[in-house]
Amino acid sequence: MKLDDQIQKLEAGALARIQEAIDSEALEAVRVDVLGRKGSLAQISKDFGKLTPEERASAGKALNAAKQALESAFESRKQAFASDALNQRLRAEWVDLTLPAPGPRPGSLHPVTQIQDEIEDLFTSLGFAVLDGPEVETEYHNFDALNIPPEHPARDMQDTFWLEGGNLLRTHTSPVQVRGMEKLGPPLRMIAPGRAFRNEEVDASHEHTFYQVEGMMVDRDVSVAHLIYFMKTLLSAIFRREVTVRLRPGYFPFVEPGFELDVQCLICGGPGCPVCKQSGWVELLPCGLVQPNVLRMSGIDPDEWGGFAFGLGLTRLAMMRYGIDDIRLLQSGDLRFLSQF
Ligand code: FA5
């Protein structure tokens, strides 16, 4: 076969292979095979030496024409693959700019904050002031002024985080009673919600950091009847249903007589669970009539004035109200838990 004819045949075969290539890798393989340094066109040009000058001129022309035709066929096929790939990517990564933006994720108040707000609303409607006190307290306000002098065994009732310089992290909100009496004097109605800290083992119902609400009323002729009235009002406002409570004697040096108000465990309903330590009851609301020494130490004459005080376990109240069976969830920061409220 004449070299010109061979070139034409090679060109036709290569054009067909270019069209049949299924992707850019297959196309590149055909290009190397045909147009590469050791490709079929290069092989053919090796035979030019055997030709007459006329034949060589004609074959050279045919070779150049074939080379140009093949190069342009490669180029247009390559571009077709590139634009296919681009279209595919555009389809996959298409963004509808007309869609409305996702709205802000709504937050909600922490369950303890929700109940604290309700308690504040209730007591302000009953004429109580809402007071705040420092979390880093003096030994005097946390213990001495509450009739718990140094060496008093009642100091061991609350494991204390002592700080350098004799201060401490308050173990209860009761020091705010003292600050309230010092600042406002009698007659006095106040509550003080806030954090308390104890250096104790953490379990389903005990945290090292938890919330209490202190309450105090100082006036003339305050009796246990007043105390019970306010405790009942508080519990029915919070639970909005019948809850079983029991009142038993309780010892706190700053009240006399002192009581423990327990609520029947709303997690298990009574038979016992880890939250109520299998007892069926949860300590929620210790309270009592203010010990005369406490009034006296804050400059109030106990012969003229009397009072009641209580220290509600706010974190435990939140557990009872919402049926939370582990106190540690409340400060876990776990959004799966918190977003339920
Ligand atoms: C007191 O802290 C007294 N200051 C309360 C008081 C005030 C009595 C005024 C009389 C007059 P107590 O240690 O029992 O008492 O704690 C009060 C409440 O806080 C408990 O009933 C409980 O509900 C809650 N509490 C105590 N320790 C923890 C803890 N580690 N984790 C969660 N809640 C706790």
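Counting of residues starts from 1 at the beginning of each chain's written sequence and follows it residue by residue. Where local features are concerned, this predicted model is filtered to residues with pLDDT of at least 70; where side-chain atom pairs are given and counted, the filter is 80 or more; whole-chain, interface and lining totals use all residues. As a convention, hydrogens and water are excluded, and side-chain values are obtained from all of the structure's heavy atoms.

1. Some thoughts on the domain arrangement of the protein
Thinking step 1. All domain edges in this entry derive from an automatic or database-based domain assignment. Annotation of the protein at the domain level lists domain 1 (3–93) and domain 2 (111–338).
Thinking step 2. Here domain 1 and domain 2 have C-alpha centroids that lie 91 Å from each other.

2. Examining the site of the ligand
Thinking step 1. Residues are labelled near a given molecule or strand when at least one of their non-hydrogen atoms is within 4 Å of it. Around the ligand sit 25 residues in total, of which H172, S174, R198, E200 and E207 are the nearest.
Thinking step 2. For the ligand, a nitrogen atom lies 2.8 Å from a polar atom in the side chain of H172.
Thinking step 3. Think of a polar contact as two N or O atoms within 3.5 Å of one another; within protein, one of them needs to be a possible hydrogen donor and the other a possible acceptor, and neighboring residues in sequence only count if both atoms come from side chains. At 3.1 Å from an oxygen atom of the ligand is found a side-chain nitrogen or oxygen belonging to Q212.
Thinking step 4. Of the grid points, spaced at 1 Å and generated over the protein atoms alone, those admitting a 1.4 Å probe that cannot get out make up cavities, while open sets with protein on both sides within 12 Å along at least five of seven lines make up pockets; any residue with an atom within 4 Å of a point is treated as lining. Each molecule is checked against the cavity or pocket grid, and it sits inside if more than half of its atoms lie within 2 Å of the grid points. Under a 2 Å grid-point criterion requiring more than half of the atoms, the pocket assigned to the ligand is the largest pocket.
Thinking step 5. Helix and strand assignments come from DSSP, with helices taken as H or I runs of at least 4 residues and strands as E runs of at least 2, each series counted from the N terminus. Counting residues per element, the ones that place at least two in the shell around the ligand are β5 (209–219), β8 (281–290) and β9 (306–313).
Thinking step 6. Classes in brief: Ala, Val, Leu, Ile, Met, Phe, Trp, Tyr, Cys and Pro nonpolar; Asp, Glu, Lys and Arg charged; the others, Gly included, polar. Class assignment for the residues of the shell around the ligand results in ten nonpolar, nine polar and six charged.

3. Regarding the pattern of salt bridges
Thinking step 1. Between Lys or Arg on one side and Asp or Glu on the other, a salt bridge is scored when a side-chain nitrogen of the former is within 4 Å of a carboxyl oxygen of the latter. Taken as a whole, this structure holds 17 salt bridges when the rule is applied.
Thinking step 2. In this structure, R17 engages D33 in a salt bridge whose closest nitrogen and oxygen atoms are separated by 2.9 Å. Of this pair, R17 sits in helix α1 (residues 3–20) while D33 sits in helix α2 (residues 24–35), and the two are 16 residues apart along the sequence.
Thinking step 3. Residue R17 is classed as partly exposed on the basis of its relative accessible area of 35%.
Thinking step 4. Under the scheme applied here, a residue whose accessible area is under 20% of the maximum for its type counts as buried, over 50% as exposed, and between as partly exposed, the area being computed with a 1.4 Å probe on protein chains only. Residue class for D33 comes out partly exposed when judged on its relative accessible area of 38%.
Thinking step 5. With a closest N to O distance of 3.5 Å, D47 and K50 form a salt bridge.
Thinking step 6. Residue D47 is classed as partly exposed on the basis of its relative accessible area, which comes to 29%.
Thinking step 7. Salt bridges sharing common partners tie together R246, R248, D262 and E283.

4. Section: the packing of helix α5 (residues 111–125) against helix α8 (residues 224–239)
Thinking step 1. The interhelical angle for the contact between α5 and α8, taken along N-to-C directions, is 135°, at an axis separation of 11 Å. Here α5 is positioned oblique relative to α8, judged by the angle of their axes. In terms of crossing hand, the pair formed by α5 and α8 is right-handed. Here I115, E118, I119, L122 and F123 of α5 lie close against α8, whose contacting residues are F230, T233, L234, A237 and I238. Whenever a helix is involved, its axis is fitted only over the stretch in contact; in every case the axis is a line through C-alpha atoms, and angles between N-to-C directions fall within 0 to 180 degrees. For classification, angles of less than 35 degrees are called roughly parallel, those exceeding 145 degrees roughly antiparallel, those between 65 and 115 degrees roughly perpendicular, and all remaining angles oblique. In a left-handed crossing the near helix is turned counterclockwise from the far helix by less than a right angle, and in a right-handed crossing that turn is clockwise. Here, two residues are considered to be in contact whenever any of their heavy atoms come within 4.5 Å of each other.

5. Side note on helix α4 (residues 53–92)
Thinking step 1. Here α4 contains 40 residues, and its C-alpha end-to-end distance of 58 Å stays within 8% of the 58 Å for a straight helix at 1.5 Å per residue.
Thinking step 2. If you check which residues of α4 are buried, you get A59, G60, L63, A66, L70, A73, F74, R77 and F81.
Thinking step 3. Considering only its buried residues, α4 is in contact with α1, α2 and α3 (40–45). An expected span of 1.5 Å times one less than the residue number is assigned to each helix.

6. So, the layout of surface pockets
Space left empty within the atom packing is revealed by a probe, the size of a water molecule, rolled over the atoms.
Thinking step 1. Grid points are joined across faces, edges and corners, and a volume is the space filled by probe spheres set on the points. The calculated volume of the largest pocket comes to roughly 800 Å³.
Thinking step 2. Residue lining of the largest pocket: 43 residues in total, with R198, Q212, E283, P286 and R316 positioned closest to the centre.
Thinking step 3. Looking at the lining of the largest pocket, the elements with two or more residues in it are β5, β6 (245–249), β7 (255–264), β8, β9 and α10 (314–322).
Thinking step 4. Per-element accounting of the lining of the largest pocket gives the leading share, eight residues, to β8.
Thinking step 5. Here the lining of the largest pocket is composed, by residue class, of 20 nonpolar, twelve polar and eleven charged.
Thinking step 6. Of the pockets and cavities examined, the second largest pocket occupies roughly 290 Å³.
Thinking step 7. Along its surface, the second largest pocket is lined by 14 residues, and M231, K232, L235, V243 and V245 are the ones closest to its centre.
Thinking step 8. Breaking the lining of the second largest pocket down by element, the ones donating at least two residues are α8 and β6.
Thinking step 9. At six residues, α8 tops the list of elements feeding residues into the lining of the second largest pocket.
Thinking step 10. Grouping the constituent residues of the lining of the second largest pocket by class yields nine nonpolar, one polar and four charged.

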